[in-house]
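Coordinate analysis (summary)
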Amino acid sequence: MISLKRISARITYAAISCCLCFVVTLFSVGCSEKSLDYTELKQINEKVTESELKKYLKVIKLLPQNKTPTFPSVYAPAPAWSHIRSLPIEDLVYSEQNNLSQLWEIERIGEHFGARNRMFKKALHRRELSKEQFISYTLAIGLAASRLQLREDQNLEEVIQKGNKIIHQLQLDKRPFSSLSLEERHRTLHEAMWIARVNRAEHMIQVPPENINLVKNNWDQLKELLPPEFLKNPLDDLSDTLEERGIPFTIIEKKDSDDLMQWTSTDAIIGTDQPDPPPEKID
């Protein structure tokens, strides 16, 4: 018969073993998945500091070819609704606006990086930065870079104000898109281009001047690292030459263009014919 002392000893040993296993498990989890002390995301209207930029760049330096992972586009193209779309124009506009807003969601962008990108995950872990934080920095810095590409005549406030008026009229149009004539569909799609313009302008206008100066001061480095779409004018691919400049077509210079023809007195051929007589007066 087993004594009570031996039973008690076994129970005590088992309890100690369970406690030790629990402590070891907690320790191993804490080591493998170190929690970040700072998890707040950078908003596009918030200032990015020099230290934050340096931390962001250190992550990129650890990545292959020293470049950001393939970044999904946040600048959507102009609407291209099919002629068979039977929804009313107002519904197509709201759907387009909703789709554009989703492009800027950090969670959606994060899905494009993939869970198997070990190099990216390792670089983030070493610099104590979350994937979501990295994305938020890319958007804040990238939008500031986009602002630098704008021309002086591209006023964001005017773009938003004018675009919203046109969009509002489209939102009042209850006609099914498929019912429109070819000319009406073309005109409607031409006006719907403002949906994408306004979306881009509304994001860029939120960029604080500090971020623009930060990008300008570090441009030589950032232009080699940022996603390509932030390195070009985001309004140019939605531009309307006739509407913006009053030019219905683009003139392509040729070698025989009249603008290239020059006249000099030495090359002029002067005739010696007598001038025509004045016409007779008719009574």
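Residues numbered from 1 in each chain as written. Predicted model: local features only at pLDDT ≥ 70, side-chain atom pairs only at ≥ 80, totals over all residues. Heavy atoms only, no water.

1. Some details on the overall build of the protein
Assigned secondary structure in the protein consists of 11 helices and zero strands. Start at the N end of the protein and walk to the C end: the helices and strands fall as α-α-α-α-α-α-α-α-α-α-α. Every one of the 283 residues in the protein was classed for burial, and the buried ones make up 35%. Long-range pairs, those at least 24 residues apart, make up 86% of the contacts in the protein with a sequence separation of at least 6. Counting every atom, the protein has about 19800 Å² of accessible surface; 54% of that belongs to carbon and sulfur. (Helix = DSSP H or I, 4+ residues; strand = E, 2+ residues; numbered from the N terminus. Buried < 20%, exposed > 50% of the residue type's maximum accessible area, 1.4 Å probe, protein only. Contact = heavy atoms within 4.5 Å. Areas by Shrake-Rupley, 256 points an atom, 1.4 Å probe, with all protein chains shown as cover.)

2. Here we look at the pattern of salt bridges
Counted under the stated rule, the structure contains eight salt bridges. A salt bridge links Glu52 to Lys42; the nearest nitrogen and oxygen atoms lie 3.1 Å apart. Here the residue Glu52 occupies a position in helix H2 (residues 50-61), and Lys42 occupies one in the loop between helix H1 (4-32) and H2, the gap between them amounting to 10 residues. The burial state of Glu52 is the same as that of Lys42; both residues are buried. A single salt-bridge network, built from bridges that share partners, covers Arg151, Asp153 and Asp236. (Salt bridge = Lys/Arg side-chain N within 4 Å of Asp/Glu carboxyl O.)

3. Some remarks on the side chain of Asn218
Its place among the elements puts Asn218 in the loop between helix H9 (209-217) and helix H10 (219-222). Look at Asn218 and you get buried, because its relative accessible area is 18%. The contact partners of Asn218, leaving out residues within four places of it in the chain, are Glu50 and Leu53.

4. Quick notes on the nonpolar core
Tyr56, Phe134, Leu139 and Ile141 are the most contacted members of the largest nonpolar core, which totals 59 residues. Only H2, helix H3 (89-103), helix H4 (106-111), helix H5 (118-126), helix H6 (131-149), helix H7 (156-171), helix H8 (182-204) and H9 provide two or more residues apiece to this core. Among the elements that take part in this core, H6 stands out by supplying nine residues, more than any other. (Core = buried A, V, L, I, M, F, W, Y, C linked by side-chain atoms within 4.5 Å.)

5. Re unusual backbone geometry
Unlike most non-glycine residues, Gln65 shows phi in positive territory, near 60°. Note on Gln65: relative accessible area 73%, which makes it exposed.

6. So, the packing of H6 against H9
With their axes 8 Å apart at the nearest point, H6 and H9 run at an angle of 80° to one another. Looking at the two axes, H6 sits roughly perpendicular to H9. Counting all contacts with H6, which are made through Ala140, Ile141, Ala144, Ala145, Arg147 and Leu148, the residues of H9 involved are Asn211, Ile212, Val215 and Lys216. Of the residues belonging to the contact of H6 with H9, the class tally is seven nonpolar, one polar and two charged. (Axes fitted to C-alpha atoms, helices over the stretch in contact; angles between N-to-C directions. Parallel < 35°, antiparallel > 145°, perpendicular 65-115°, else oblique. Nonpolar A, V, L, I, M, F, W, Y, C, P; charged D, E, K, R; others polar.)

7. Describing the packing of H7 against H8
Following both chains from N to C, one finds H7 and H8 inclined at 140°, their axes separated by 8 Å at the closest point. By the angle class used here, H7 and H8 are oblique. Between H7 and H8 the crossing geometry is left-handed. Between H7, through Leu156, Val159, Ile160, Lys162, Gly163, Asn164, Ile166, Ile167 and Leu170, and H8, the contact on the second element is made entirely by Thr188, Glu191, Ala192, Trp194, Ile195, Arg197, Val198, Ala201, Glu202 and Met204. A per-class count over the contact of H7 with H8 returns 12 nonpolar, three polar and four charged. (Left-handed = near helix turned anticlockwise from the far one by under 90°.)

8. A short note on the packing of aromatic side chains
Here the structure, examined in full by the defined rule, presents seven aromatic pairs. With 4.9 Å between their ring centres and 25° between their planes, Tyr56 and Phe134 make a pair best called stacked. With Tyr56 in helix H2 and Phe134 in helix H6, the pair connects residues that are 78 residues apart, well separated along the chain. Residue Phe134 is classed as buried on the basis of its relative accessible area of 0%. Judged by centre distance (5.9 Å) and plane angle (75°), the ring pair of Tyr75 and Phe230 falls under edge-to-face. (Phe/Tyr/Trp six-rings, centres within 6.5 Å; stacked < 30°, edge-to-face > 60°.)

9. Description of H5
Listed in full, the buried residues belonging to H5 are Phe120, Ala123 and Leu124. The buried residues of H5 occupy one face: seen down the axis, they fall within an arc of 100°. Seen from the open side of H5, the exposed residues pointing more than 90 degrees away from its buried face are Arg118, Lys121, Lys122 and Arg126. Buried residues belonging to H5 abut H2 and H6. (Arc of directions from axis to C-beta.)

10. A closer look at the confidence of the model for the protein
Summarising the model, the protein shows a mean pLDDT of 81, and 70% of its residues fall at 70 or more. With pLDDT under 50 throughout, residues 11-33 is counted as low confidence; its partners more than four residues away or in other chains account for zero contacts. Every residue in residues 245-257 scores below 50 in pLDDT, and together they form eight contacts with partners more than four places removed in sequence or on other chains. (pLDDT = per-residue confidence, 0-100.)

11. A look at the side chain of Glu229
For Glu229, the position within the fold is in the loop between H10 and helix H11 (241-245). No salt bridge is formed by the buried Glu229; the nearest opposite charge belongs to Arg200, separated by 6.6 Å. In terms of polar contacts, Glu229 uses its side chain to reach the side chain of Ser73, at 2.8 Å. Ignoring anything within four residues of it in the chain, the contact list for Glu229 reads Pro72, Ser73, Val74, Tyr75 and Ser146. (Lys, Arg positive; Asp, Glu negative; His and termini not counted. Polar contact = N/O pair within 3.5 Å; in protein donor to acceptor, adjacent residues only side chain to side chain.)

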